[in-house]
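Descriptive structure summary
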Amino acid sequence: MAPSLIRVFEADGIPNSALPLVIWKDRLPGAAREGGPACALYRRNGWSGTWVYTVYPFWHFHTHGHEVLGCVGGRARIGFGGDAGIVIDVERGDVAVVPAGVGHRKIQATDDFLMAGGYPPGQQGNIVRSGELDDKRIAAEIGRVGLPESDPVTGLADGVVTVWRRATS
């Protein structure tokens, strides 16, 4: 299935990104629809810093890395881009790849909601809220974040790699 590409731009003190937020419905393979196997899939495909947890219920963004979020339990409504942004419903098997700087938060979720997350090599998901860092520092930190060389689900130079290379060329 083709991904949804969503551009979310600066709003509400969240820097967001010129790179599109990439959402795939029903993308995780059957065996990777659990937390541990999803994290193992990401690691096999070159992504690191994996974790299984929920999504924080407050607006935050990352300045040290892009982030893959794969739903491995329940369902949720996730906001992207700030209060004036968008809301996406996710369920088990859905995958989002969130560019550095794009704000996100959990709005509503079932009790069993879990995401499996991770970051491209050498990147990490520092938690930044609006107003915690000045704009110059945010721009400098995000400017040092490179594009991934492999897709977290396929391990190939397809998926998010292709989408973001097209967006920057």
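The text that follows walks through the structure, step by step, so that each part is easy to find. (Residues numbered from 1 in each chain as written. Predicted model: local features only at pLDDT ≥ 70, side-chain atom pairs only at ≥ 80, totals over all residues. Heavy atoms only, no water.)

A word on the overall build of the protein chain
Within the protein chain, the regular secondary structure consists of three helices and nine strands. Helices and strands in the protein chain line up, N terminus first, as β-β-α-β-β-β-β-β-β-β-α-α. Computed over C-alpha atoms, the radius of gyration of the protein chain comes to 14 Å, within 12% of the 15 Å expected from 2.2 N^0.38 for 169 residues, which places it in the range of a compact globule. Along the first, second and third principal axes, the C-alpha set of the protein chain runs to 40 × 35 × 25 Å. Buried positions account for 50% of the 169 residues belonging to the protein chain. Relative to all contacts within the protein chain whose residues are 6 or more apart in sequence, the contacts with residues 24 or more apart total 73%. Put simply, the protein chain shows about 7,800 Å² of open surface, and 50% of that area lies on carbon and sulfur atoms. With 17 positive and 18 negative side-chain charges, the protein chain shows a spacing of 3 Å between the two charge centroids. (Helix = DSSP H or I, 4+ residues; strand = E, 2+ residues; numbered from the N terminus. Rg over C-alpha atoms; globule rule 2.2 N^0.38 Å. Buried < 20%, exposed > 50% of the residue type's maximum accessible area, 1.4 Å probe, protein only. Contact = heavy atoms within 4.5 Å. Areas by Shrake-Rupley, 256 points an atom, 1.4 Å probe, with all protein chains shown as cover. Lys, Arg positive; Asp, Glu negative; His and termini not counted. Charge placed at Lys NZ, Arg CZ, Asp CG, Glu CD.)

Quick notes on the sheet that holds strand β8 (residues 104–109)
Across the sheet, three strands lie side by side as β6-β5-β8; this open sheet has antiparallel pairing. The sheet is open, and its two edges are formed by β6 (86–91) and β8, each paired on a single side. On average, each strand axis in the sheet is inclined to that of its neighbour by 30°, with strand direction left out of account. (Pairing = 2+ DSSP bridges. Axes fitted to C-alpha atoms, helices over the stretch in contact; angles between N-to-C directions.)

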